[in-house]
Amino acid sequence: MKKFLDKHTASVHVKGLVQGVGFRPFIYCLAKKYKLKGWVENRNDGVVIEVQGNKKSVEKFISLIKTQAPVASNIVTIFSKKTKPGNFSDFQIIKSKNTSDEITDISPDIAVCDECLKDMKIQENRINYPFINCTNCGPRFTIIKDLPYDREKTTMSPFIMCKSCAAEYTDILDRRFHAQPVACSVCGPEYELIYKGKIINDLQKILKIVCELIEVGKIIAIKGLGGFHIACDAQNEEVVKRLRKKKNRDGKPFAVMFSDIKSLKDYAIVNDVHASILQSWRRPIILLNEKKKLAPSVNVGFDTIGAMLPYMPIHYLLFEKLNIPVIVLTSGNISDEPIIIDNEEAKKQLTGISDALLIYNREIYNRTDDSVAMVVNNKERVIRRSRGFTPTPVELKINVDGILATGAELVNCFCIGKGKQAILSQHIGDLKNIETLEFYTETIEQFKKLFRVKPTLIACDKHPDYLSTKYANDLELPKIQIQHHHAHIASCMTEHGLDEKVIGVAFDGIGLGDDNKIWGGEFFVCDLKDYKRITHFDYIPMPGGDKATKNPWRMAVSFLYKFFGKDFLNFNLPFLKNINKKDIDLLLYAIDKNINCPLTSSAGRLFDAVAALTNICTFSTFHAEAPMRLESVMDDNCNKYYDFEIIKTIKFDKTFKGIIDDIKSGTSVSVISAKFHNTIINIIFAVVSEIRKDKKIDKVVLSGGSFQNRYILEKIENLLIDNGFNIYSQRSIPANDGGIALGQLAIAAKRREMVH
Ligand code: ZN
Ligand code: ZN
Ligand code: FE
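The shown structure was predicted, so the numbers you read here are calculated from the model rather than taken from an experiment.

### Quick word on the overall build of the protein chain
Item 1. Helix and strand content of the protein chain: 24 helices and 32 strands.
Item 2. Against the globule reference of 27 Å for 756 residues, the protein chain gives a C-alpha radius of gyration of 28 Å, in line with a compact fold.
Item 3. Its C-alpha atoms put the protein chain at 95 × 65 × 50 Å along the principal axes.
Item 4. Counting all 756 residues of the protein chain, 62% fall into the buried class.
Item 5. Accessible surface for the protein chain amounts to roughly 30,000 Å². Of this, 50% is attributable to carbon and sulfur atoms.
Item 6. In the protein chain, 105 positive and 90 negative side-chain charges are present, and the distance between their average locations comes to 4 Å.

Spelled out as structure tokens, the structure:
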């Protein structure tokens with residue numbers, strides 16, 4: 001009788017990332033451990049558990065769910081209540097139900113785990129099997145077509161499990177219990193090498209040939225997790241140069257993959273924070289300072305490398321056989337188009353670039369590039385958010401349901417709102433060609449379906465020419481246009497859960513302002529709803545509009561003409577020797593007559609001008625190349641700076657006079673670069689100090705692509721913290737335009753909330 005009275009039954013609802021990460025087996029084992037009866041079930045909106053046992057055990061069980069959950073899971077809420085006792089004989093895992101429109105998180109792809117790597121050497125049916133995975137690792141987002149996350153809704157559905165895999169899949173205590181992509185050499189996907197018109201199926205032969213080819217300087221296209229890669233020896237200048245030519249890529253560094261952390265440490269400076277991110281299950285590319293040179297064409301003059309570690313079983317198998325520690329592993333695409341995911345497409349497009357093609361017969365459903373991050377002040381900062389991160393949502397305090405934010409133009413990501421969650425798409429790319437636009441529109445449709453969202457409100461950029469704005473205009477739905485830099489600041493605020501008045505510093509390349517001028521060096525006082533522009537970089541003509549972005553020398557000439565008139569032509573400036581005299585005259589004429597010379601306050605264009613003026617980068621071959629090169633040559637130990645003035649707006653007359661004096665006196669570009677960077681830091685400090693005095697606000701939010709400058713971000717954060725400011729910068733959401741959509745979403749939600 002006493003025993004019966006002791007019986008306590010609770011119903012527990014867990015929301016967050018709890019599917020496809022070994023959550024139900026974890027619950028099962030935990031329940032067994034505490035001798036509880038009941039069941040656990042996957043629903044669209046999370047995992048539901050009913051447990052019965054003595055009260056203490058039930059309470060202990062509930063408290064341990066959060067603290068002991070599997071590594072890749074992310075619990076957002078646990079709701080539990082006492083419920084009427086059921087009649088359970090056991091603890092069971094019951095079959096998935098598709099219950100409501102609410103959905104639970106979908107796991108990003110997870111790097112192969114250590115246990116699977118071990119199994120790959122001992123399990124009979126998985127010896128060197130390159131698609132090995134378990135509930136703790138393997139493909140997820142890239143193979144999911146629909147929810148709930150079950151095998152038949154993934155691109156694994158054509159593969160019928162063999163007896164042995166099925167046994168693991170159904171054994172609750174097995175590490176592969178309900179691992180949807182479970183597979184082995186008997187029943188799973190296979191690689192195939194296409195080389196010299198022949199098809200090779202034997203994996204050992206494939207590995208041998210691929211390694212030999214890489215070692216003798218050939219280029220291989222390899223199907224990855226979220227799209228194709230192109231690989232070659234990163235120490236062989238000849239092949240890297242050839243790849244550059246074939247890919248039609250001038251100056252943008254290639255990512256590299258090292259065999260392991262030990263060999264990476266020979267080539268780059270790796271601290272503990274770098275190491276833990278590099279080895280985390282998300283396995284992004286990390287920007288590191290170079291220690292020992294790779295082939296010069298890998299990073300073409302930069303002092304940094306973008307490095308990653310193996311994350312697919314095939315990477316490990318290749319490095320086991322390869323006699324070199326590092327390979328280039330760049331995205332398999334044609335110039336700025338999305339990376340290729342389809343085998344047939346790869347055969348058509350990549351055969352011209354590569355000497356052999358390594359493919360496999362499982363479809364990639366959701367395209368994802370490698371993610372890229374950097375570390376500043378010992379914190380990870382995601383620059384490109386894709387594989388390993390997408391589609392992890394951002395939790396908000398306000399309701400964002402039904403809002404679709406279409407993002408900006410460059411490095412586009414869009415964002416959809418589901419309840420109080422913002423789901424940012426994977427990196428889409430620059431919305432400048434039809435292929436990327438197709439990827440964009442298809443992915444929006446896919447997200448609507450996958451996350452069960454019917455948009456009722458659209459948030460987009462103010463710029464009418466962005467394809468993302470045009471896309472928004474074509475939808476017959478209410479629409480809110482959002483100023484670009486306000487969206488940048490709101491993105492960072494949202495990441496940090498801020499919903500109040502802050503000082504916003506938004507520095508970037510280009511964004512349309514309220515006065516129809518091009519903004520980009522902006523100081524705001526703002527909240528999520530609205531903003532007030534306090535001051536900005538003084539306007540300067542941007543001769544040729546978009547052309548100025550590709551030709552930093554144009555901005556240098558524009559600044560020089562403004563501050564020195566035609567005198568600058570007699571300064572004997574080295575960078576002008578690279579420019580056609582006629583082009584300079586034409587430019588000055590255009591400025592005089594105001595022909596296609598929009599005014600801009602852009603920080604990016606200012607950096608461009610200084611990079612050109614110092615002859616570091618007069619022509620740009622990829623987005624933000626000039627500022628990146630200017631940062632790259634800097635002498636970090638120089639504390640000097642240039643003068644500037646703030647008379648309503650921020651004026652650079654004295655800055656440029658200082659730079660010209662330095663050039664004339666033969667000061668090194670490393671010192672000029674440092675002095676210029678320090679000037680920008682001083683400007684931010686001076687302006688936000690003034691605003692704090694005036695408005696009594698001490699929270700400073702930094703965003704915009706210019707805050708990818710590691711030097712500026714590090715120094716300004718420290719300086720502001722030392723002076724009693726509260727400082728917020730972007731971490732898991734990009735500071736560049738890839739983070740804009742999140743800000744757009746939050747602003748639209750806030751304005752909608754105010755109306756209701
Ligand atoms: Zn595993
Ligand atoms: Zn099997
Ligand atoms: Fe921007």
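Don't stop here, the text continues.
### Here's the deal with the nonpolar core
Nonpolar side chains in soluble globular proteins generally cluster together in the buried interior.
Item 1. Membership of the largest hydrophobic core comes to 156 residues, with the highest contact counts inside it found for I49, I65 and F523.
Item 2. At 11 residues, helix 22 (residues 669-695) tops the list of elements feeding residues into this core.
Item 3. Those residues in contact with I65 that lie beyond four places of it in its chain are V12, V14, F23, F26, I27, L30, I49, I75 and I78.

### Side note on a positive patch on the surface
Item 1. Judged by side-chain charge, K196, K198, K218 and K246 come together as a positively charged surface patch.
Item 2. Along the chain, the position of K198 falls in strand 7 (residues 198-200).
Item 3. For K198, a relative accessible area of 58% corresponds to the exposed category.

### Looking at the packing of helix 13 (residues 434-450) against helix 14 (residues 467-474)
Item 1. Closest axis-to-axis distance for the helix 13/helix 14 pair is 11 Å, and the angle between their directions is 45°. The angle between the axes of helix 13 and helix 14 places the two elements in the oblique class. Helix-helix and strand crossings are classified by hand; for helix 13 and helix 14 the assignment is right-handed. Along its contact with helix 13, which presents L437, Y440, T441, I444 and E445, the element helix 14 presents L467, S468 and Y471.
Item 2. For the contact of helix 13 with helix 14, the per-class residue count stands at 5 nonpolar, 2 polar and 1 charged.

### Details of the coordination of the zinc ion (ligand 2)
Item 1. Bound to the zinc ion (ligand 2) are the protein donor atoms C162 (SG), C165 (SG), C184 (SG) and C187 (SG), situated 2.2 to 2.4 Å from the metal.
Item 2. Coordination at the zinc ion (ligand 2) comes from 4 donor atoms whose angles at the metal span 101 to 118°, giving a geometry best classed as tetrahedral.
Item 3. Residue class for C165 comes out buried when judged on its relative accessible area of 0%.

### Comments concerning the sheet that holds strand 2 (residues 37-43)
Adjacent strands of a sheet pair through backbone hydrogen bonds, lying either parallel or antiparallel.
Item 1. Strands sit in the order 4-1-3-2-5 across an open sheet of 5 strands; the sheet is mixed. Each end of this open sheet is capped by a strand with a single partner; those strands are strand 4 (74-82) and strand 5 (91-94). Each adjacent strand pair in this sheet contributes to an overall mean axis angle of 15°, direction not counted.
Item 2. The pairing of strand 2 with strand 5 spans 4 bridges and is parallel.

### A short note on the pairing of strand 17 (residues 379-384)
Every regular strand shows the same layout, with side chains that alternate between the two sheet faces.
Item 1. Here strand 16 (residues 372-376) runs beside strand 17; their pairing, made up of 5 bridges, is antiparallel. Opposite V372, over in strand 17, you have R384 as the bridge partner.
Item 2. As consecutive antiparallel partners, strand 16 and strand 17 are separated by 2 residues, and within that stretch N377 has a phi angle of approximately 50°, a positive value.

### Observations regarding the coordination of the zinc ion (ligand 1)
Item 1. Each protein donor to the zinc ion (ligand 1) is listed here as C113 (SG), C116 (SG), C134 (SG) and C137 (SG); together their distances run 2.3 Å.
Item 2. Metal-centred angles of 103 to 118° between the 4 donor atoms at the zinc ion (ligand 1) mark the site as tetrahedral.
Item 3. Considered as a linear motif, the donors of the zinc ion (ligand 1) on their single chain read C-x2-C-x17-C-x2-C. Of this pair, C116 sits in helix 4 (residues 114-122) while C134 is found in the loop between helix 4 and helix 5 (163-170), placing the two residues 18 residues apart along the sequence. Accessibility assignment for this pair places C116 and C134 in one class, buried.

### Topic: the packing of aromatic side chains
Item 1. Throughout the structure, instances matching the rule amount to 25 aromatic pairs.
Item 2. Relative to F523, the ring of F507 has its centre 5.6 Å away and its plane inclined at 85°; by these criteria the two rings are edge-to-face. Of the two residues, F507 is situated in strand 24 (residues 502-512) and F523 in strand 25 (residues 518-526); the sequence distance between them amounts to 16 residues. Each member of the pair, F507 together with F523, is buried.
Item 3. Both rings, one in F564 and one in F571, keep their centres 5.1 Å apart while their planes meet at 85°; by these two values the pair is edge-to-face.

### Focus on the packing of helix 2 (residues 23-33) against helix 3 (residues 55-68)
The relative placement of two packed helices comes down to the angle between their axes together with the axis-to-axis distance.
Item 1. At a minimum axis separation of 11 Å, helix 2 and helix 3 run at an interaxial angle of 140°. The angle between the axes of helix 2 and helix 3 places the two elements in the oblique class. The chirality of how helix 2 crosses helix 3 is right-handed. Along its contact with helix 2, which presents F23, F26, I27, L30 and A31, the element helix 3 presents F61, L64, I65 and Q68.
Item 2. Its residues assigned to classes, the contact of helix 2 with helix 3 comprises 8 nonpolar, 1 polar and no charged.

### Let's talk about empty space enclosed by the protein
Item 1. Inspection of the entire model under this criterion finds 6 cavities of 30 Å³ or more.
Item 2. Approximately 110 Å³ is the volume attributed to the largest cavity.
Item 3. Along the wall of the largest cavity there are 15 residues; nearest its centre are I132, G138, P139, L225 and P313.
Item 4. Formed jointly, the lining of the largest cavity draws a minimum of three residues from each of two domains, domain 2 (106-189) and domain 3 (191-360).

### Remarks on the sheet that holds strand 23 (residues 479-482)
Item 1. Ordered in space as 18-21-20-19-22-23, the 6 strands form an open sheet in which the pairing is mixed. Edge positions in the sheet fall to strand 18 (394-395) and strand 23, since each of these pairs with one other strand and no more.
Item 2. Here strand 19 (residues 403-405) pairs with strand 22 (residues 457-461) via 3 bridges, running parallel. Paired with I403 across the bridge in strand 22 is L457.

### Overview of the domain arrangement of the protein chain
Item 1. Segmenting the protein chain into domains produces domain 1 (2-97), domain 2 (106-189), domain 3 (191-360), domain 4 (378-510 + 527-537 + 734-755) and domain 5 (540-706).
Item 2. Placing the centre of domain 1 and that of domain 5 at their C-alpha centroids yields a distance of 60 Å.

### Description of the environment of D567
Item 1. Position of D567 among the secondary structure elements: in the loop between helix 17 (552-564) and helix 18 (581-593).
Item 2. Separated by 498 residues in the primary sequence, D567 and A69 place their C-alpha atoms 69 Å from one another.

### Digging into the pairing of strand 16
Item 1. Taken across its 5 residues, strand 16 has 5 buried, putting it largely inside the fold.
Item 2. Side-chain alternation along strand 16 places V372, M374 and V376 on one buried face and A373 and V375 on a second face that is also buried.
Item 3. Where strand 12 (residues 285-290) lies against strand 16, 2 bridges are found, and the strand directions are parallel. Counterpart to I286 in the pairing with strand 16 is A373.

The rules behind these values
Residues numbered from 1 in each chain as written. Chains lettered and ligands numbered in written order. Predicted model: local features only at pLDDT ≥ 70, side-chain atom pairs only at ≥ 80, totals over all residues. Heavy atoms only, no water. Helix = DSSP H or I, 4+ residues; strand = E, 2+ residues; numbered from the N terminus. Rg over C-alpha atoms; globule rule 2.2 N^0.38 Å. Buried < 20%, exposed > 50% of the residue type's maximum accessible area, 1.4 Å probe, protein only. Areas by Shrake-Rupley, 256 points an atom, 1.4 Å probe, with all protein chains shown as cover. Lys, Arg positive; Asp, Glu negative; His and termini not counted. Charge placed at Lys NZ, Arg CZ, Asp CG, Glu CD. Core = buried A, V, L, I, M, F, W, Y, C linked by side-chain atoms within 4.5 Å. Contact = heavy atoms within 4.5 Å. Patch = residues over 30% accessible without salt bridge, like charges linked within 9 Å, V, L, I, M, F, W, Y side chains within 5 Å. Salt bridge = Lys/Arg side-chain N within 4 Å of Asp/Glu carboxyl O. Axes fitted to C-alpha atoms, helices over the stretch in contact; angles between N-to-C directions. Parallel < 35°, antiparallel > 145°, perpendicular 65-115°, else oblique. Left-handed = near helix turned anticlockwise from the far one by under 90°. Nonpolar A, V, L, I, M, F, W, Y, C, P; charged D, E, K, R; others polar. Donors = N, O, S within 2.8 Å, 3.2 Å for Na, K, Ca; no water. Tetrahedral: all angles 85-135°; square planar, octahedral: opposite > 155°, others 65-115°. Pairing = 2+ DSSP bridges. Phe/Tyr/Trp six-rings, centres within 6.5 Å; stacked < 30°, edge-to-face > 60°. 1 Å grid on protein atoms, 1.4 Å probe; cavity = no way out; pocket = protein on both sides within 12 Å on 5 of 7 lines; lining within 4 Å. Points joined across faces, edges and corners; volume = space filled by probe spheres on them. Domains from an automatic or database assignment.

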